[in-house]
Amino acid sequence: MAEETTRQAPRSAPTAPARALLPFILPAVAVGVAASLIFVGVSTAAEELQKVLWGPLPDALGVGRYSVLWMFVMLVATGIAVGLVVWKVPGHAGPDPATVGLDAPVLPPAVLPGLALATALMLAGGPSLGPENPIIAVNVSLAAWLGGRLLPRRPDTLWPVLAEAATIGALFGTPVAAALVISEALAGRPMQGRLWDNLFAPLTAGACGALTTTLVARPSFDLGLPPMGHPHAKDLLAALVIAAASAALGMCAVYAFPYVHAAFRRLRHPMLMLPAGGVVLGALGALGGHLTLFKGLAEIGELSRDPEGWTAGQFATMTVVKLAALLVAASCGFRGGRIFPAVFVGTALGLCAHALVPAVNPSLGVATGVLGMLLAVTRQGWVSLFTAAVLVASPSIIALLCIASLPAWLLVTGRPQMQLREDGTPVR
């Protein structure tokens, strides 16, 4: 009987010999370092421009830096500037960003300067999008173009995977995020050999991208919230409720996405769509305040430094306004990603829960709010769990996050995603 059981057990895939993996190390290191430097370069340029546009310039004009007037001026001007890039620069800054996710297509090299310029202008000007999608697209396309010419014997499919892993590692400052994204992508594809053998080169690229960013820019995602102690039954209940509520709120934006996108598409021209989006974003900024502008990473740090500094109503307003701003910015044609602003939305929602019910630990509120929102917006389970956990750096929360992700996932799985096909229909 034991022999029969052994004979019927599935055989595990053989591990790859070291000589099969060694040739991938140098390409992975090169892609990792280059992808990180491109990300840091675009981000630094955008940050320097942002300091001028939202500092010395309004001061010289005698206008308040975050006055309603200046927010309208800057967001409409950003729409005009990005609209000009999309209209006139070769390649039109890539495809419609509403149709692109983290798995970016390989674009012609002529498209990439316009895409990088449109991204930097967007980041500096204040629309609620992050750099992840366009930077991944730039790095994937450059790696595929250069790698295919310098090392033509390597598989064409190698370079996009290395570049995506490297950029995600650079974005989050750790290769763990890259490994999680790539392993989730590999789960839906035919795979030869062991999972770790397939992750060897992407993990190398992600580690080099993360290390380069850490050495050059020193990013930090820990919000410095008070650590959570031993979890209790009330904490489990709070985690389940907040994660589910956050996922449900995120799905409201997901269902509205194709309709808002179609409304802007009726304007037909980027010099109409993007400035119109700027007008709407200016109105939302006036309603929600300056913390609801930009990609949101620095802003969540400001919220978290003083969780008691705003009322529940103010947190709720910022939550709704930021989610609406994300929806508008992603629909009207601004080049950017949706992860970082979604993190702000989840953070504000979690702090709103803490303000309403002080017994809810702020770290727990933020982590579960971010978890539910990212599950709805990205449909990336591992990235959602990882991001929620790393923001609060509290090991006792991890088990609660895993449990809270289950009902939240049931709310989002099988439903439309916040990404559209070219015909405007949602991806499922």
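Residues numbered from 1 in each chain as written. Predicted model: local features only at pLDDT ≥ 70, side-chain atom pairs only at ≥ 80, totals over all residues. Heavy atoms only, no water.

1. Here's the deal with the side chain of T167
We apply this condition: Starting at the N terminus, helices and strands are each numbered in turn, a helix being any DSSP run of H or I of at least four residues and a strand any DSSP run of E of at least two. For every residue, the accessible area (1.4 Å probe, protein chains only) is compared with the maximum for its type, and the residue is labelled buried under 20%, exposed over 50%, or partly exposed between those bounds. Polar contacts, as used here, are pairs of N or O atoms within 3.5 Å; protein pairs need one atom able to donate a hydrogen and one able to accept it. Residues neighboring in sequence count only if both atoms are side-chain atoms. Throughout, a residue-residue contact means that at least one pair of heavy atoms, one from each residue, lies within 4.5 Å.
Relative to the helices and strands, T167 is located in helix 8 (residues 158–172). Owing to a relative accessible area of 0%, T167 belongs among the buried residues under this scheme. Of note is the side chain of T167, whose polar atom sits 2.9 Å from the side chain of N139. Apart from the residues within four sequence positions on either side, T167 is in contact with A35, I135, I136 and N139.

2. Description of the nonpolar core
As a reminder, the rule being used: Nonpolar core, defined: a set of buried Ala, Val, Leu, Ile, Met, Phe, Trp, Tyr and Cys residues in which side-chain atoms within 4.5 Å join the residues together.
Grouped together as the largest cluster of nonpolar side chains are 125 residues, with contacts concentrated most on F172 and F334. Looking at which element gives the most residues to this core, the answer is helix 14 (residues 312–332), with 12 residues. Look past the residues within four positions of F334 in its chain and what remains in contact with it is T78, G79, V82, P97, M122, P127, L129, L274, G278, L281 and A329.

3. Quick word on a nonpolar patch on the surface
Put simply, the test is: Surface patches are drawn from residues lacking salt bridges whose relative accessible area is over 30%; two like charges belong together within 9 Å, two nonpolar side chains (Val, Leu, Ile, Met, Phe, Trp, Tyr) within 5 Å. Accessible areas in this description were obtained via Shrake-Rupley with a 1.4 Å probe; residue shielding takes into account the shown protein chains only. Definition used for salt bridges: Asp or Glu carboxyl oxygen within 4 Å of a side-chain nitrogen of Lys or Arg.
There is a patch of nonpolar side chains on the surface, built from V33, L37, L211, L215 and V216 and spanning about 460 Å² of accessible area. Counting residues per element, the ones that place at least two in the nonpolar patch are helix 3 (25–53) and helix 10 (195–216). By residue number, the principal contributor to the nonpolar patch is helix 10, which donates 3 residues. With respect to the helices and strands, the residue L211 is situated in helix 10.

4. Observations concerning the confidence of the model for the protein chain
Formally: Note: pLDDT gives the predictor's confidence per residue, expressed from 0 to 100.
Here the protein chain shows a mean pLDDT of 87. Residues at 70 or above account for 93%. Between residues 1–7, whose pLDDT stays under 50, and residues either more than four places distant or in other chains, the model counts 0 contacts.

5. Topic: the packing of helix 6 (residues 112–125) against helix 7 (residues 132–150)
The line we're drawing: For helices, the fitted line uses only the C-alpha atoms of the stretch in contact; every axis is such a line through C-alpha atoms, and the angle between N-to-C directions lies from 0 to 180 degrees. Here the word oblique covers every angle except those under 35 degrees (roughly parallel), over 145 (roughly antiparallel) and from 65 to 115 (roughly perpendicular). Each helix crossing is assigned a hand: it is left-handed if the near helix lies turned anticlockwise from the far helix by less than a right angle, otherwise right-handed if that turn is clockwise.
The contact between helix 6 and helix 7 brings their axes to 10 Å, and the two run at 160°. Put simply, helix 6 runs roughly antiparallel to helix 7. Between helix 6 and helix 7 the crossing geometry is left-handed. Side by side, helix 6 and helix 7 meet where L112, L115, A116 and T119 of the first sit next to P134, A137, V138, S141 and L142 of the second.

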